[in-house]
Amino acid sequence: MTEIAPSVYLDHAATTSMWPEAVEVMQQEFLRTGNPSSLHEAGRRARRVVEESRELIAERLGARPSEVVFCSGGTEANNLAIKGLYWARRSANPLRNRVLFSSIEHHALLDPVTWLAAHEQARIDVTPVDQQGRIRLDALSEAIDSNPADVAAITTMWANNEMGTIQPVREVVELARAHQIPVHSDAVQAAGYLELDFAGTGLDAMTVTAHKLGGPVGVGALVIRRELDATPLLHGGGQERDLRSGTVGAALVAGFATALDLTVQHQSESGPRIEALRDRLVRGIERVVPEAIINGDPETGPGHRLPNIAHVTFPGCEGDALLMLLDAQGVQVSTGSACQAGVPQPSHVLLAMGFGDAAARGSLRFSLGHTSTAADVDRLLELLPAVCERARAAGLVRSRTS
Amino acid sequence: MRVIAAMSGGVDSAVAAARAVEAGHEVTGVHLALSRNPKSYRTGARGCCSIEDAGDARRAADAIGIPFFVWDMSDEFADEVVDDFIAEYTAGRTPNPCLRCNEKIKFAAVLDRALALGFDGVVTGHYARLVENDGVVEMHRAEDHGKDQSYVLGVLTQDQLRRSLFPLGDDPKTTVRAEAAQRGLQVANKPDSHDICFISDGDNAGWLEDKLGAQPGPIVDETGAEVGSHTGAFAFTIGQRRGLRLGVPADDGKPRYVLDIEPVTRTVTVGPRERLAISRIEAIKPLWCGEAPTTELDCTVQLRAHGSEHRARVTVDGDQVIVELHDPAEGIAPGQACVIYDRTRVVGSATIARTAWVEPVGSAN
């Protein structure tokens, strides 16, 4: 690069900037010695940090402290939830071998569930979603009713990571409660932007991770009801009520707790501010690239959509070309899709929502966060028309050669 | 220039990208995903399409400090290179897929996409030299003749050459490896890749039989007498000696070679080595690096990858190129490229269509 372009980060759903307070807390903690499982003074001190963090996190999530099981992050929490519930429920009753999940789950759930099907004789039932990316309760209800006795667990994400569509978690719990089927929800994307009330929703298990809300990468939690049996993935020292062995990182959980606390404290102010930025972004895109299509639920707020995510299709363009061209100008966005061998694949979420292959490949996810500014949005809007024009030209070359 | 560096994950393309950055170009690394079902790990010295190779390329780009992306060219590669490879063998010819890939993918589909995205050209780790002479970009053999890859680049036209950078053409491979190590590139000691990248075990005949099924036919000698059988004529190449598994030994007890492959009747003809000699080649579909020659050329030709040079008289007649060799050559297979050189300069290339024995022009002198 000959000139240094201002860096604009619009990928907060991938990971967001850390709260400086969380960094500070962690720095102090990293400089102290002590294993929270040790019995001596240093251990007691570390344990106090861990338990105070646990209490704060529980309070902020509407859960009891003993329900917070620390682990390495969202992927591990999801694996522990779905495999742990499946194994425990099936071992209590071998007939329970069916897992119900939605077609728009993150790979961190989709893959463990398909693994259970491939290796643990699980039968899986995929619940379809509507065009906005919201799970169809009628279909879920039908799937449960086909044989409620054989369902091991139901999992449905709280808010989708590509569209931001908020799922009817309470209603899912309602459907399951009649048959005492445990329900897990992946709340990784929701936790930074919605008030989560674990007890209030009646969920049995819920995944959160620190780095999506301004905490460190490498720590998260599975919030899981005390009464619920789950089989651990990791065996060892018996930490985290035997559900997750391994030394708990006091600095990590302290950073996690600080970040969650700040996030919740600022939510009433930052939510509307971020929503206003998203509105500026979406209106701006409609203005500068009139053919662009804004996807997902147009309405914001609980029951609709997260305030920070905008998902947009740019007809005739390839998402990865757009991404590359914006990146070259210092603007960082996501195609929202998973890569296989580094090759962008059309997202299973978009395909499940009824997108065609081209539209699925020609979309970008813009996600805002607590550090986003109007200048970030304006820089994107300034670059977008020329970038789209180039990407369209590249799309034409491609359709000629292939 | 704003260029993309095609990065295979090997040492050459990594050093080429680093040199392009140092030369002041604005470089973006691109790894081409060519396989529809990439393997996780590289096996031996074959291929460049495993996920591990993509990771090596990414690591090199990070170390050089350039943006890096993977471009999925697997559909284009399947259509233009793999399908063509199968079709050529089916027709009894011996294709060169590397040449084809350069012609249709690296310096065509990839370059076109790069240009559309606002880049000016492509830099690769090929060993060849580009020299600008009087407004024309000439391609010459690399300084390191052992590594020279101008043969597989012989299909590039002037437009493509103007958009290309080959920063390694002046150096021997050992220098390039040493430089990679000095630059801290992890790929410095990675083995070179050989063979055909999409045939991971190197068993071309087995791969073709998987794709095409068994297509048995006879192996006959020059008199037409059946001396063996095969499960697919596509497994053979003109000049091949090994793997014939003939039931009937030759009268003179000498080894026999594949002389001809007739795809319709699937007849493979074998005979003594002397019969492999040819001295006249008709080649088609010429591609010229600059202007097409208008007069008879006294030049040299290379008739296969890593093959030797042959002195020749070349006459161009529209889409047909007649090559008369000074001295006979052996084992020249239709389908291979005849690349024409004026000393070290690549003039152009054409695909060998037919070969024949006539009194070589050299013997008349």
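The model shown is predicted, which means the values in this text are computed figures rather than measured ones.

**Comments concerning the overall build of chain B**
The helix and strand inventory of chain B stands at 8 helices and 17 strands. For chain B, the C-alpha radius of gyration of 22 Å lies close to 21 Å, the compact-globule estimate for 365 residues. The long-range share in chain B, meaning contacts at least 24 apart out of those at least 6 apart in sequence, stands at 65%.

**Some words on the overall build of chain A**
The number of helices and strands found in chain A is 12 helices and 14 strands. A fraction of 73% describes how many contacts in chain A between residues 6 or more apart in sequence connect residues 24 or more apart.

**Digging into the nonpolar core**
Considering soluble globular proteins, one finds that nonpolar side chains tend to be buried as a cluster. Core analysis: the largest hydrophobic core is formed by 224 residues, its most contacted members being V223 of chain A together with A5, A17 and C338 of chain B. The element that contributes the greatest number of residues to this core is helix α8 (residues 250–288) of chain A, accounting for 14 residues. Filtering out sequence-adjacent residues up to four positions away, C338 of chain B remains in contact with I281, A283, V301, L303, V323, S349, A350 and I352 of chain B.

**With respect to the sheet that holds strand β11 (residues 267–271) of chain B**
Residues and elements named next belong to chain B. Reading across the sheet, the 4 strands line up as β9-β8-β11-β10 and stay open at both edges, with mixed pairing between neighbours. Every interior strand has two partners, whereas the edge strands, β9 (226–230) and β10 (257–262), have only one. Within this sheet the neighbouring strands show an average axis-to-axis angle of 25 degrees, counted without direction. Bridge analysis of β10 against β11 gives 5 bridges, and the strand direction is antiparallel. Pairing of D260 across the sheet is with T269, part of β11.

**A word on the domain arrangement of chain B**
Quoted interface sizes are often the accessible area lost when the parts come together. Residue and element names in this part refer to chain B. When cut into domains, chain B gives domain 1 (2–189), domain 2 (214–275) and domain 3 (277–364). A separation of 37 Å is found between the C-alpha centroids of domain 1 and domain 2. Each partner contributes residues to the interface: domain 1 has 5 residues there, and domain 2 has 7 residues. For the side of domain 1 that touches domain 2, a count of residues per class yields 2 nonpolar, 3 polar and no charged.

**Topic: the environment of N79 of chain A**
Inspection of the secondary structure puts N79 of chain A in helix α3 (residues 74–92). Setting aside residues no more than four positions away along its own chain, N79 of chain A makes contact with P112 and L233 of chain A.

**Regarding the sheet that holds strand β14 (residues 363–367) of chain A**
All names here are of chain A. If you trace the 3 strands from one edge of the open sheet to the other, you get β9-β10-β14, paired in antiparallel fashion. The open sheet is flanked by β9 (293–295) and β14, the only strands paired with a single partner. Going across the sheet, the axis of each strand differs from the next one's by a mean of 30 degrees, ignoring polarity. For strand β10 (residues 309–313) and β14, the ladder comprises 5 bridges, and the chain directions are antiparallel. In the sheet register, A310 faces β14, and the bridge partner there is F366. Contacts between α8 and the sheet are confined to β9, β10 and β14, with β10 contributing the most and set at about 10 degrees to the helix.

**Concerning the domain arrangement of chain A**
Residue and element names in this part refer to chain A. Segmentation of chain A into domains returns domain 1 (8–16 + 267–401) and domain 2 (20–261). Computed from C-alpha coordinates alone, the two centres of domain 1 and domain 2 are separated by 28 Å. At the junction of the two partners, domain 1 supplies 27 residues and domain 2 supplies 27 residues. Listed by contribution, the elements that provide at least two residues to the side of domain 1 that touches domain 2 are α8, β10 and α10 (348–352). When the residues that make up the side of domain 1 that touches domain 2 are grouped by side-chain class, the tally is 10 nonpolar, 14 polar and 3 charged.

**Quick word on the interface of chain B and chain A**
Taken residue by residue, the interface counts 18 residues in chain B and 18 residues in chain A. Mapped onto the side of chain B that touches chain A, the elements with two or more residues apiece are β2 (26–33), α2 (51–64), β3 (68–72), α3 (74–90) and α4 (97–116) of chain B. Sorting elements by how many residues they give to the side of chain B that touches chain A places α4 of chain B first, with 4 residues. Looking at side-chain class alone, the side of chain B that touches chain A contains 10 nonpolar, 2 polar and 6 charged residues.

**Some words on the pairing of strand β13 (residues 297–302) of chain B**
All names here are of chain B. Sheet topology note: the β13/strand β14 (residues 309–317) ladder contains 6 bridges and is antiparallel. Bridge pairing links T300 to R311 in β14. Connecting β13 to the next strand, β14, in antiparallel fashion are 6 residues, including H306 with a positive phi near 60 degrees. Bridge count for β13 against strand β16 (residues 337–342) is 3 bridges, and the pairing is antiparallel. Residue pairing for β16: T300 is matched across the bridge by Y341.

**Considering the environment of R90 of chain A**
Following the sequence through the fold, R90 of chain A ends up in helix α3. In this structure the C-alpha to C-alpha distance between R90 of chain A and Q265 of chain A, which are 175 residues apart in sequence, comes to 41 Å.

**Description of helix α1 (residues 20–30) of chain A**
All names here are of chain A. Taken residue by residue, α1 has A22, V25, M26 and E29 as its buried positions. Seen from one end, α1 has its buried residues packed into an arc of 95 degrees, which puts them on one side. In α1, the exposed positions that point more than 90 degrees away from the buried face belong to P20, Q27 and Q28. If you follow the buried residues of α1, they end up packed against α2 (41–61) and α8.

Conventions we followed
- Residues numbered from 1 in each chain as written.
- Chains lettered and ligands numbered in written order.
- Predicted model: local features only at pLDDT ≥ 70, side-chain atom pairs only at ≥ 80, totals over all residues.
- Helix = DSSP H or I, 4+ residues; strand = E, 2+ residues; numbered from the N terminus.
- Rg over C-alpha atoms; globule rule 2.2 N^0.38 Å.
- Contact = placed C-beta atoms within 7 Å.
- Core = buried A, V, L, I, M, F, W, Y, C linked by C-beta atoms within 7 Å.
- Buried ≥ 20, exposed ≤ 12 C-beta atoms within 10 Å, placed from the backbone.
- Pairing = 2+ DSSP bridges.
- Axes fitted to C-alpha atoms, helices over the stretch in contact; angles between N-to-C directions.
- Domains from an automatic or database assignment.
- Nonpolar A, V, L, I, M, F, W, Y, C, P; charged D, E, K, R; others polar.
- Arc of directions from axis to C-beta.

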